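# Fold and contact review
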Amino acid sequence: MAITVASCWFNALASTNTSRCTVSSQRLFSSSQLSATRLVIPKAASQSQNPRKRTPKEHTHKSSPEKEGNSQKNSRSRDERKYLDADDRSGIKRTEQPQSTAFKSFGTQRKSAKGFMGNLTEQQLETAKIQDASFLNAVVKVYCTHTAPDYSLPWQKQRQFTSTGRHSKFTVNAFMIGDGKLLTNAHCVEHNTQVKVKRRGDDTKYVAKVLAKGMECDIALLSVENEKFWKGAEPLQFGHLPRLQDSVTVVGYPLGGDTISVTKGVVSRIEVTSYAHGSAELLGIQIDAAINPGNSGGPAFNDQGECIGVAFQVYRSDDVENIGYVIPTTVVSHFLDDYERNGKYTGFPSLGILLQKLENPALRACLKVPSNEGVLVRRVEPTSGASKVLKEGDVIVSFDGVDVGSEGTVPFRSTERIAFRYLISQKFTGDVAELGIIRAGASMKVETAMNPRVHLVPYHIEGGQPSYLIVAGLVFTPLSEPLIELVGNAAFIVDSEECEDSIGLKLLTKARYSMARFKGEQIVILSQVLANEVNIGYEDMSNEQVLKFNGTRIKNIHHLAHLVDSCKDKYLIFEFEDNYLAVLEREASSSASSCILKDYGIPSERSSDLLEPYVDPIGENQVMEQTDPLGDSPITNSELGSDGLQWA
């Protein structure tokens, strides 16, 4: 009997260290598994493998950004199978372990049985303390119904799905912050049509309203008007930015059960981090506490029960373990202050410049920089406030009086340094920043207004539904990151083609590297052709950028609609890349439109926003430059966020 108990006890102890596994992709993922963005959100639970079992092939995941993205596209079933296989292998190892090894290990354990029981008692007391902690009751489960747009058929939406419910694998969370409001992740309520919340220990769901969503910082603000929901509620208190190795506790409703879950770890790192959902770079806290699918939107606490941030993403790779990320309270406070100031979320500002580090002494000497400081301005976005005061070749040596190092870092707390972008993220839209620069060897001070960056190809569609225009079966829509991902997914699934082969390498390069020349500029593409007699010969055209209409360069899709409506010529002439032409008879096209819409079950030939009067974004009397938006920048495989180059 004693032998049986001993073996069972050892197996129970051993089982706690045999179920680690990981997903084979070096990417950042939002932890609730919702809609994909430029950095792909995973579709399977977190998994890991024994590092000793890796093959050399598994280490070669960094090819081109496009190939990395496509390697994630169709990985759901593979990753899920991998998760099950890992568990099965762990079970086999435990059951096949020789008994002599178990007895020997148990003998070693017996020598320190008293100490073990003492530790067990302390753990039980700590568990009881956490179980009774009032801050757990401030964490709520979110039931969200999502209806995302269909970017391939922009006149309709996809089938709705829920992020928490009977048919959903994953849950999402929120927590009370007082004044009748809740905080969660933006990706938890993206494309929401209904949001409900339920408190711990209650079986009643209450309808919640989304007040604001910050896509860049991945934060959303909710409110619940029903007073019964708030009865006896104690909102969480925000704590200060933690120190390294401070204890952290993550609370939520992740995959694996229905009740509340608590995981514990320490703060591993604090630095400027890439936010997967919004493709922004803001301050982030790295922790080793488990953040699993469904932890998104849940709070992270310090030992005093204060909230130090919001769990939102994890890093999956064969080479690492236990890397989770928390949005710190500094970013949360910026989001809330922005909402209080403006009644809405306006975004984190940007200088809109591309920088290069100045680590090389010869480079600094050539630019007449006297000391080991500063970063070089390589490009300035025309839409940024800095375009009025900065030039290519300037060296930024200070920001609001804080010296900028040659590696693009600034002092942080007492003995640390952090990326220069951290100072920029502390500003609000409309604030003015003072820059110390060196221009041709002369030092000077300039001031620039801070505004959010204008993306030529947006990561998220404002209003949720993409614009579209149908002319004689030719479907035009603005290029966006969700559309690029959708096209890449379809190519990968159907015929294993790469994204650049389906959408065009030149167009994909423009999406990745181009700058908007004015606010409101868009890359308009012909997404598909709805076959009809009037467009014979053009049926196979898809994902082609339209540059001109009847000789006029197109600024955005609203401009294209305006040009088509005001056209009196006999022909409608669309000019695409590489001088490809599509010509239609105007009267025949007008007559065929109603028939095409009826045949394909389309309610309208254009989206509702294109029914509004057209307003020229740069003025009727100003001529748009005919230059390539890529400028003289070479097409390379390097990303604009590498160690040598960085956006500010």
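Owing to the predicted nature of the structure, the values given are computational and were not obtained by experimental measurement.

### Re the pattern of salt bridges
One pass over the full model with this rule turns up 13 salt bridges. Lys427 serves as the salt-bridge partner of Asp400, at 2.6 Å between the closest nitrogen and oxygen. Placement of the pair is Asp400 in the loop between strand E17 (395-399) and strand E18 (402-403) and Lys427 in the loop between helix H8 (421-425) and strand E21 (432-439), with a sequence separation of 27 residues. Asp400 sits in the partly exposed class, given a relative accessible area of 35%. For Lys427, a relative accessible area of 15% translates into the label buried. Two residues, Glu481 and Arg512, come together in a salt bridge whose shortest N-O distance is 2.9 Å. A residue pair is termed long-range when its members are at least 10 positions apart, and Glu481 in helix H9 (residues 481-495) and Arg512 in helix H11 (residues 505-513) qualify at 31 residues.

### Examining the confidence of the model for the protein chain
Taken residue by residue, the protein chain gives an average pLDDT of 79. The fraction at 70 or more is 72%. Counting interchain partners and residues more than four positions distant, the pLDDT-below-50 stretch residues 491-498 has eleven contacts. Low pLDDT (under 50) marks residues 627-645, which in the prediction has 32 contacts with non-local residues, meaning those over four places away or in another chain.

### Observations concerning a nonpolar patch on the surface
A contiguous nonpolar surface patch, about 300 Å² in accessible area, is contributed by Tyr571, Ile573, Leu581 and Val583. Within the residue set of the nonpolar patch, elements represented by two or more residues are strand E28 (571-576) and strand E29 (581-585). Note that Val583 resides in strand E29.

### Comments concerning H11
Burial analysis of H11 places seven of its nine residues in the buried class, the great majority of the element. Along H11, the residues classified as buried are Leu507, Leu508, Thr509, Lys510, Ala511, Arg512 and Tyr513.

### Regarding the nonpolar core
Grouped together as the largest cluster of nonpolar side chains are 89 residues, with contacts concentrated most on Leu182 and Leu183. Counting residues per element, this core draws most heavily on strand E13 (residues 307-316), at six residues. Ignoring any residue separated from it by four or fewer positions in sequence, one finds Leu183 in contact with Ala174, Phe175, Ile177, Ile219, Ala220, Leu221, Phe238, Gly297, Val310, Val332, Phe335 and Leu336. Leu526, Val564, Leu572 and Leu610 belong to the second largest nonpolar core, which has 25 residues in total.

### A few points about helix H13 (residues 586-599)
Taking 1.5 Å per residue as the helical rise, H13 with its 14 residues ought to reach 20 Å, and the 20 Å between its terminal C-alpha atoms agrees with that figure. Listing the buried residues of H13 in full gives Ser589, Ala592, Ser593, Ile596 and Leu597. In this structure, the buried residues of H13 make contact with strand E23 (469-471), E28 and E29. Once H13 finishes, Gly601 follows within two positions and takes phi at roughly 65 degrees, a positive value.

### Focus on the side chain of Thr273
Within the element layout of this structure, Thr273 appears in strand E10 (residues 261-275). Classification of Thr273 as buried rests on a relative accessible area of 7%. Excluding residues that lie within four positions of it along the chain, Thr273 makes contacts with Ala280, Glu281, Leu282, Gly284, Gln313 and Tyr325.

Parameters and conventions
Residues numbered from 1 in each chain as written. Predicted model: local features only at pLDDT ≥ 70, side-chain atom pairs only at ≥ 80, totals over all residues. Heavy atoms only, no water. Salt bridge = Lys/Arg side-chain N within 4 Å of Asp/Glu carboxyl O. Helix = DSSP H or I, 4+ residues; strand = E, 2+ residues; numbered from the N terminus. Buried < 20%, exposed > 50% of the residue type's maximum accessible area, 1.4 Å probe, protein only. pLDDT = per-residue confidence, 0-100. Contact = heavy atoms within 4.5 Å. Patch = residues over 30% accessible without salt bridge, like charges linked within 9 Å, V, L, I, M, F, W, Y side chains within 5 Å. Areas by Shrake-Rupley, 256 points an atom, 1.4 Å probe, with all protein chains shown as cover. Core = buried A, V, L, I, M, F, W, Y, C linked by side-chain atoms within 4.5 Å. Expected span 1.5 Å × (residues − 1).

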